[in-house]
Amino acid sequence: MPALVRDYFDWLASMYDETTAACEWSAPEHIAAAALPLIDPGDAVLDLGCGTGQSAAPFLEHGCLCIGLDFAPAMLKEAMRKHPDLLIARADLDQPRGWPVPPGVFQLCISAGVYECLSDPIGFIARAKTALRPGGYLVFTFDEFVPGHPAQGVRVGRADSGIPNPVADLAAWNLHRHSIDRVAGWLGDHGFQLLYHRQIEADIHSHFGVPIYYRLVVSQAP
Ligand SMILES: C[S@@+](CC[C@H](N)C(=O)[O-])C[C@H]1O[C@@H](n2cnc3c(N)ncnc32)[C@H](O)[C@@H]1O
């Protein structure tokens, strides 16, 4: 399963920015609006599942030192090409070992459009906590479970609900949708304070013809 997710994003990499622009993918903008006021130029920011660097870009412009982690080599290549000042490293966010970043140095961890791809959403929170300085922030989005929604009415569903995907087999992996109560519980279990959360529309032109809803979470490490 993780290999299929990685293969899918490797396939999408060269078209990713164009495709997300067509869908009006806006999660990176919501992350920037929420997190830029929390940090200063020079702070270290870790982008978990950086893709082509859309989320990291505003933080680079703000003068932060940004490191992007991703497991898809083609995504990292695009990120490097588009943002030469973004430091990148390959890592699987589902794996507890082998994170190529030192613990306790980041003032902020960001992650847009990644949480729903993970098979270990609790481990992700634990690992973000390890990367953060005490009192640092974890700001991320997750694909929300929305009862009655044509795509999001199931907690586990095929990955091609947002981006039109002509290579059906590549999307034969599942997105994991969550509710805020569950995510809030996991954050609390790891000592995070949930500062606020709100629903956002991020894939506005999904091929279901309806917006896809995400939840933006702003939390602070102990
Ligand atoms: C929807 S894209 C989002 C990219 C970027 N954050 C943005 O908002 O444009 C999801 C990204 O997460 C990465 N990803 C998914 N699962 C991952 C995992 N287990 N470890 C590392 N990266 C992962 C994918 O390779 C892809 O680049």
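Heads up: the structure comes first, above all this text.
Report follows, based on the coordinates.

Turning next to the environment of Gly-136. Among the structural elements, Gly-136 can be located in strand β5 (residues 132-143). Classification of Gly-136 as buried rests on a count of 25 C-beta atoms within 10 Å. Sequence separation of Gly-136 and Val-105 is 31 residues, and the distance between their C-alpha atoms is 9.1 Å. Not counting residues up to four positions away in its chain, the partners in contact with Gly-136 are Phe-106, Gln-107, Leu-108 and Ala-221.

Looking along a regular strand, one sees side chains alternate from face to face of the sheet. When strand β2 (residues 65-70) meets strand β3 (residues 87-90), the two strands line up parallel, connected through four bridges. If you follow Asp-70 over to β3, its bridge partner there is Arg-90. With helix α5 (residues 73-82) bridging β2 and the parallel β3, this β-α-β connection has right-handed handedness.

Positioned with a positive phi, Glu-24 is a non-glycine residue whose angle comes to about 55 degrees. Within the secondary structure, Glu-24 sits in the loop between α2 (16-23) and α3 (27-35). Judged by the 13 C-beta atoms lying within 10 Å of it, Glu-24 falls in the partly exposed class.

Let us now look at the site of the ligand. Taken together, the neighbourhood of the ligand is formed by 22 residues, with Phe-9, Gly-49, Gly-51, Ala-112 and Gly-113 sitting nearest. Considering each element in turn, the shell around the ligand owes the most residues, three residues, to helix α1 (residues 2-12). By residue class, the composition of the shell around the ligand is 14 nonpolar, five polar and three charged.

Glancing now at the pairing of β2. The buried fraction of β2 is high, at five of six residues. Direction of pairing for strand β1 (residues 44-48) relative to β2: parallel, over a ladder of five bridges. In the sheet register, Ala-44 faces β2, and the bridge partner there is Leu-65.

All right, on to the nonpolar core then. Among the nonpolar cores identified, the biggest contains 64 residues, and Ala-35, Val-45, Leu-108, Cys-109, Ile-110, Leu-138 and Val-139 are the most heavily contacted of them. In this structure Cys-109 touches Leu-46, Leu-48, Ala-128, Ala-131, Leu-132 and Leu-138, once residues within four positions along its chain are discounted.

Moving on, we come to the sheet that holds β1. Spatially, β3-β2-β1-β4-β5-β9-β8 is the arrangement adopted by the seven strands of the open sheet, whose pairing is mixed. Either end of the sheet is taken by a strand with one partner, and the two such strands are β3 and β8 (193-203). This sheet shows a mean twist of 15 degrees between the axes of neighbouring strands, independent of strand direction. With nine bridges connecting them, β8 and strand β9 (residues 212-220) associate as antiparallel partners. Across the sheet, residue Glu-201 finds its bridge partner in β9, namely Tyr-213.

About the criteria used
- Residues numbered from 1 in each chain as written.
- Predicted model: local features only at pLDDT ≥ 70, side-chain atom pairs only at ≥ 80, totals over all residues.
- Helix = DSSP H or I, 4+ residues; strand = E, 2+ residues; numbered from the N terminus.
- Buried ≥ 20, exposed ≤ 12 C-beta atoms within 10 Å, placed from the backbone.
- Contact = placed C-beta atoms within 7 Å.
- Pairing = 2+ DSSP bridges.
- Right-handed = clockwise from strand over helix to strand, strands pointing away.
- Near = placed C-beta within 6 Å.
- Nonpolar A, V, L, I, M, F, W, Y, C, P; charged D, E, K, R; others polar.
- Core = buried A, V, L, I, M, F, W, Y, C linked by C-beta atoms within 7 Å.
- Axes fitted to C-alpha atoms, helices over the stretch in contact; angles between N-to-C directions.

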